[in-house]
Structure formats: structure tokens, C-alpha cells
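Observations on the model geometry
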Amino acid sequence: YDSGTLRMISSSVTGTRDESRAAVEAAGSRAGNSVHAEIAQCCISNNRGVGLRLRGAVEYASIGNEFLQNGGVDVDVAVGEENGVWPRMREAAAESSCGDRGAGSTS
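The structure reproduced in this document is the subject of the present report. Remember, predicted model here, so these are calculated numbers, not experimental data.

Looking at unusual backbone geometry
- Phi is positive for serine 10, close to 50°, though the residue is something other than glycine.
- Mapped onto the fold, serine 10 is located in the loop between β1 (3-9) and β2 (12-14).
- Using a relative accessible area of 45% as the deciding quantity, one classes serine 10 as partly exposed.
- Of note, the phi angle at asparagine 46 is positive, near 55°, even though the residue is not glycine.
- By secondary structure assignment, the location of asparagine 46 is in the loop between β5 (43-45) and β6 (52-56).

So, the pattern of salt bridges
- Overall, the coordinates contain nine salt bridges when judged by the stated rule.
- Residues arginine 53 and glutamate 25 are paired through a salt bridge, measuring 3.9 Å at the closest nitrogen-oxygen approach. Separated by 28 residues along the polypeptide, arginine 53 in strand β6 and glutamate 25 in strand β3 (residues 24-28) bring together distant segments of the chain.
- Its salt-bridge partner being arginine 88, residue glutamate 59 comes within 2.5 Å of it at the nearest N-O pair.

Let's talk about the environment of aspartate 74
- Within the secondary structure, aspartate 74 is located in the loop between β8 (66-68) and β9 (75-78).
- Classification of aspartate 74 by relative accessible area gives partly exposed; the value is 24%.
- For aspartate 74 and arginine 53, which are 21 residues apart along the polypeptide, the C-alpha to C-alpha distance reads 8.4 Å.

Calculation rules
- Residues numbered from 1 in each chain as written.
- Predicted model: local features only at pLDDT ≥ 70, side-chain atom pairs only at ≥ 80, totals over all residues.
- Heavy atoms only, no water.
- Helix = DSSP H or I, 4+ residues; strand = E, 2+ residues; numbered from the N terminus.
- Buried < 20%, exposed > 50% of the residue type's maximum accessible area, 1.4 Å probe, protein only.
- Salt bridge = Lys/Arg side-chain N within 4 Å of Asp/Glu carboxyl O.

By themselves, these observations are geometric and do not establish any function.
Pasting the structure below:
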């Protein structure tokens, strides 16, 4: 993608069935793109593939999320296949409001 914003706050993503895809993904195709992702206080659970994938030229914040029983890794931060650029974390602060959803990792 060349530009765009994904903002997920206090949301749930559960039960995706394609193990080759992430439940939530943001990707930027070129260095200098304006691709932003903020995923905060979300529960990403019981998906067949990766929970959250951030790839390429993406500026992101992942705050207070819960990842439970996904088939792949919880968070996959990957270099862009075509551009060689890594996602860049943006500093942000927020309190988690996911509540008690059982044992799992948070990020």
C-alpha cells in the first residue's frame, strides 16, 4: 500500500480460517509511504494464522492487546519483501481495557 491508516481500538478479531493470512495486517510497499497502524486494547484470538502482521514501510503502535490461541505467532514484524524496509514502532501510551480473557500474551 502507498498510504492509509488502520485504527483498531477495543476490538476483537476471532475465528479467521486461512492459516496463510494474518488476522490483522498492515503493509507498506515503499520507504516513505504513509501507512499507519494503531491497534490498541484489542483481543485477537482463535485465528488459524498469525495474529498481527506488520510488514514493510509501516509506522505502528501496538498497545495493550491480548493474543490468545492463534495458529501462528502472535505478532509478526517482517521486512518488506520488495522494499527491504522494516516496520517502525511509534511511541504511544494507553491502558488496556480488554479485561480478563484468560491466559495469553500481551503486546
